[in-house]
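# Architecture at a glance
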Amino acid sequence: MSLSNLLFEIAYATGNQSSQQQAPAGATAIALLAQFIPLILMFVVLYLLIIVPQRRREKQFREMINSLIVGDEIVTNAGIIGKIVNIKDDILTIEVGADRVKLKIYKWAVKEVLKKAEPKD
């Protein structure tokens, strides 16, 4: 049953009441709105508990990725710890281990920055 059919049946049912029992015209609209208040509140709570914090985390991640510079010590999503030696577009070259092995990774693979390098001016 669609929403329009439901609304029509509610309006038709209230229209067939006797004139002594008939509610004011605004009362049916208020009663109908009162039925949707819990649903509206659920969406508001869902928005506040899930969507807002997720947007905040995404913004912090974008800021961290955009602030990466050569010399930063990072941890990747795979748990590899390395030092950035080159940045080209979305690809980082990092040095890993005592042998100074160089790996190329995407910026989005950076999990966190352990030690920020001092910017060269």
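Residues numbered from 1 in each chain as written. Predicted model: local features only at pLDDT ≥ 70, side-chain atom pairs only at ≥ 80, totals over all residues. Heavy atoms only, no water.

In the nomenclature of an unreviewed UniProt entry, the chain corresponds to Preprotein translocase, YajC subunit from the organism Caldicellulosiruptor acetigenus 6A. Quoted verbatim from the Sequence similarities (unreviewed entry) field of the UniProt record, the comment on the chain reads "Belongs to the YajC family." Taken directly from UniProt, the Subcellular location (unreviewed entry) text for the chain runs: "Cell membrane". (UniProt positions renumbered as here; feature names shortened; annotations may be inferred.)

### What to know about the overall build of the chain
Helix and strand content of the chain: two helices and five strands. Reading the chain from its N end, one meets helices and strands in the order α-α-β-β-β-β-β. The proportion of buried residues among the 121 residues of the chain is 17%. In the chain, 39% of the contacts between residues at least 6 apart in sequence involve partners at least 24 apart. Carbon together with sulfur atoms contributes 60% to the accessible area of the chain, which is approximately 9700 Å² in total. (Helix = DSSP H or I, 4+ residues; strand = E, 2+ residues; numbered from the N terminus. Buried < 20%, exposed > 50% of the residue type's maximum accessible area, 1.4 Å probe, protein only. Contact = heavy atoms within 4.5 Å. Areas by Shrake-Rupley, 256 points an atom, 1.4 Å probe, with all protein chains shown as cover.)

### Focus: the pairing of strand 1 (residues 73-76)
Pairing geometry for strand 1 and strand 2 (residues 81-88), over three bridges, is antiparallel. Along strand 2, the bridge assignment pairs Glu-73 with Lys-83. Hairpin connection from strand 1 to strand 2: four residues lie between these consecutive antiparallel strands, with Gly-79 at a positive phi of about 90 degrees. As paired strands, strand 1 and strand 5 (residues 110-115) are joined by four bridges and run antiparallel to one another. Its bridge partner lying in strand 5, Thr-76 is registered against Val-110. (Pairing = 2+ DSSP bridges.)

### Here we look at the UniProt feature "transmembrane region" (unreviewed entry) in the chain
Per the UniProt record, "transmembrane region" (unreviewed entry) is found at residues 29-52. Annotated as residues 29-52, this span is 100% helix and 0% strand, and its ends, taken at the C-alpha atoms, are 32 Å apart.

### Thoughts on the nonpolar core
By size, the foremost hydrophobic cluster in this structure holds 10 residues: Met-64, Ile-65, Leu-68, Ile-74, Ile-84, Leu-92, Ile-94, Val-96, Ile-105 and Val-110. Among the secondary structure elements, those contributing two or more residues to this core are helix 2 (25-66) and strand 3 (91-96). Here this core gets three residues from one element, more than from any other, and that element is strand 3. If near-sequence neighbours (up to four positions away) are discounted, Ile-65 is found in contact with Lys-107 and Val-110. (Core = buried A, V, L, I, M, F, W, Y, C linked by side-chain atoms within 4.5 Å.)

### Some words on the sheet that holds strand 3
Spatially, 4-3-2-1-5 is the arrangement adopted by the five strands of the open sheet, whose pairing is antiparallel. A single partner strand is all that each edge strand has here, and the edge strands are strand 4 (101-106) and strand 5. The sheet shows a mean angle of 45 degrees between the axes of neighbouring strands, direction not considered. Pairing analysis gives five bridges linking strand 2 to strand 3, with the strands arranged antiparallel. What sits directly across from Asn-86, in strand 3, is Thr-93. (Axes fitted to C-alpha atoms, helices over the stretch in contact; angles between N-to-C directions.)

### With respect to the pattern of salt bridges
Using the criterion set out here, one finds three salt bridges in the structure. The partner of Lys-116 in a salt bridge is Asp-72, and the shortest N-O contact between them spans 3.2 Å. Of the two residues, Lys-116 sits in the segment after strand 5 while Asp-72 sits in the loop between helix 2 and strand 1, which places them 44 residues apart along the sequence. You can call Lys-116 partly exposed: its relative accessible area is 45%. The buried category is assigned to Asp-72, whose relative accessible area is 0%. Glu-95 is the partner of Arg-100 in a salt bridge, and the nearest nitrogen-oxygen pair spans 3.3 Å. Judged by its relative accessible area of 54%, Arg-100 falls in the exposed class. (Salt bridge = Lys/Arg side-chain N within 4 Å of Asp/Glu carboxyl O.)

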